[in-house]
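Observations on chain architecture
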Amino acid sequence: MDFVFDYISVNTFWTILLIAHSLFAVTLLGALTHQAVAVLAPVRGAGSGAGFVTRFRAVSGPRYVNAVCLLWAITFLLGAWIYTQFRIYVRIPIEQQGYWKTQGMFELKEHLVTFGLGLLPSYWYLWKNAHDSECDTARKWLTAWLAFTCWYAFLMGHIVNNVRGFGS
């Protein structure tokens, strides 16, 4: 990786990596939110004059599966890479300042996101067999859990960034 630093500074590199992680996270958040709303509150017989909320709920859930799996994995890997810097430059000062609840909530985020990564094969299988009505309940609640986890992780990342701002 040293060859990269011949062209850009170390701070610029980590800034680019954090921005990429954030963009993938927002895209994942949008995809999972659409899919979760579609599965938790499905549209039944919407007419042509359907409003914004109805159209938001009317997306095809199975179309999001591959994107969600890929985005989750990419976001996870970028987050894991960023964690190497977080561990030294953010976590230690948060602990020194005694923000234990913030630190604990971020650690919960790490565990939930890792657990979500492990559930992706089940998620993929359940959605690829969307025609199987036996799996409707499992598919619905697994999707809802992944969406909740994604929202939680996204918000916790922002909170930790606000406590110990990027670049400080």
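Residues numbered from 1 in each chain as written. Predicted model: local features only at pLDDT ≥ 70, side-chain atom pairs only at ≥ 80, totals over all residues. Heavy atoms only, no water.

**Remarks on the pattern of salt bridges**
Should the charged atoms of two oppositely charged side chains come close, the side chains can pair. The condition that has to hold: Only one rule defines a salt bridge in this text: a Lys or Arg side-chain nitrogen within 4 Å of an Asp or Glu carboxyl oxygen. Elements are defined by DSSP. Helices are runs of H or I of four residues or more, strands are runs of E of two residues or more, and each kind is numbered from the N terminus. Classification of residues uses two cut-offs on accessible area relative to the type maximum, computed with a 1.4 Å probe and protein chains only: under 20% is buried, over 50% is exposed, and between them is partly exposed.
Within the structure shown, the criterion is met by three salt bridges. Across the pair arginine 139 and aspartate 136 runs a salt bridge, and its minimum N-O distance is 2.1 Å. Placement of both arginine 139 and aspartate 136 in helix α5 (residues 136-163) is noted, with a separation of three residues, approximately one turn of the helix. Accessibility expressed as a relative area gives 36% for aspartate 136, which makes it partly exposed. By sharing partners, the salt bridges in this structure join Arg91, Glu95 and Glu107 into a single network.

**As for the nonpolar core**
Nonpolar side chains in soluble globular proteins tend to end up buried together. So the rule is basically this: Nine residue types can take part in a nonpolar core, namely buried Ala, Val, Leu, Ile, Met, Phe, Trp, Tyr and Cys, and a core is a set of them joined through side-chain atoms within 4.5 Å.
Within the largest apolar cluster, 22 residues are counted, with the highest numbers of intra-cluster contacts made by Leu28, Leu32, Trp72, Tyr123 and Leu146. Counting only elements with at least two residues in this core, the list comes to α1 (10-40), α3 (65-96), α4 (100-128) and α5. Top contributing element to this core by residue count: α1, with six residues. Phe13, Trp14, Leu78 and Ile82 belong to the second-largest nonpolar core, a separate cluster that totals six residues.

**A closer look at the packing of α4 against α5**
Going by this rule: Angles shown run from 0 to 180 degrees and are taken between the N-to-C directions of axes, each axis being a line fitted to C-alpha atoms and, for helices, limited to the stretch in contact. Convention used here: angles under 35 degrees read as roughly parallel, angles over 145 as roughly antiparallel, angles from 65 to 115 as roughly perpendicular, and any remaining angle as oblique. Throughout, a crossing is termed right-handed when the near helix is turned clockwise from the far one, and left-handed when it is turned anticlockwise from it by less than a right angle. Amino acid classes used here: Ala, Val, Leu, Ile, Met, Phe, Trp, Tyr, Cys and Pro are nonpolar; Asp, Glu, Lys and Arg are charged; the rest, including Gly, are polar.
Orientation of α4 relative to α5, taken along the N-to-C sense of each, is 150 degrees, at an axis distance of 9 Å. The orientation of α4 with respect to α5, classified from their angle, is roughly antiparallel. Seen from above, α4 lies across α5 with left-handed handedness. Partitioning the contact of α4 with α5 into residue classes produces 21 nonpolar, six polar and two charged.

**Re the environment of histidine 21**
We count it as follows: What makes two residues a contact is simply this: any of their non-hydrogen atoms within 4.5 Å.
With respect to the element layout, histidine 21 can be found in helix α1. If near-sequence neighbours (up to four positions away) are discounted, histidine 21 is found in contact with Thr75, Leu78, Gly79 and Ile82.

**Quick notes on α5**
Selection criterion: By this rule the span expected of a helix is its residue count minus one, scaled by 1.5 Å.
Taking 1.5 Å per residue as the helical rise, α5 with its 28 residues ought to reach 40 Å, and the 40 Å between its terminal C-alpha atoms agrees with that figure. Among all positions of α5, only Arg139, Leu142, Thr143, Ala144, Leu146, Ala147, Thr149, Cys150, Tyr152, Ala153, Met156 and Val160 are buried. Where the residues of α5 are buried, they touch α1, α3 and α4.

**Here's the deal with the side chain of lysine 109**
Note the following rule: His residues and chain termini do not enter the charge count, which takes Lys and Arg as positive and Asp and Glu as negative.
Looking at the secondary structure, you find lysine 109 in helix α4. Of the buried charged residues, lysine 109 lacks a salt bridge, with glutamate 110 as the closest side chain of opposite charge at 7.3 Å. In contact with lysine 109, other than residues within four places in its own chain, are Tyr152, Ala153, Met156 and Gly157.

**Comments concerning α4**
Counting along an α-helix, one turn takes 3.6 residues, and residues three or four places apart therefore face a common direction. Worth spelling out the cut-off: In this scheme, the bend at a residue equals the angle between the axes fitted to the seven residues that finish there and the seven that begin there.
A rise of 1.5 Å per residue sets the reference length of α4, with its 29 residues, at 42 Å; its end C-alpha atoms lie 41 Å apart and thus fit the reference within 8%. Bending of α4 peaks at approximately 45 degrees at the position of leucine 119, with proline proline 121 no more than four residues after it. Thr102, Gln103, Phe106, Lys109, Leu112, Val113, Gly116, Leu120, Tyr123, Leu126 and Trp127 are the residues of α4 that are buried. Elements that come into contact with the buried residues of α4 comprise α1, α3 and α5.

**A word on the environment of valine 10**
With respect to the secondary-structure elements, valine 10 resides in helix α1. For valine 10 and threonine 143, which are 133 residues apart along the polypeptide, the C-alpha to C-alpha distance reads 38 Å.

**Looking at the packing of α3 against α5**
Helices that pack against each other are described as a pair by the angle of their axes relative to one another and the distance between those axes. Contact geometry for α3 and α5: axes closest at 12 Å, N-to-C directions at 30 degrees. Remark: the crossing between α3 and α5 carries left-handed chirality. Two secondary-structure elements touch here, α3 through Trp72, Phe86, Val90 and Ile94 and α5 through Leu146, Thr149, Cys150, Val160 and Val163. Across the contact of α3 with α5, the residue classes tally to eight nonpolar, one polar and no charged.

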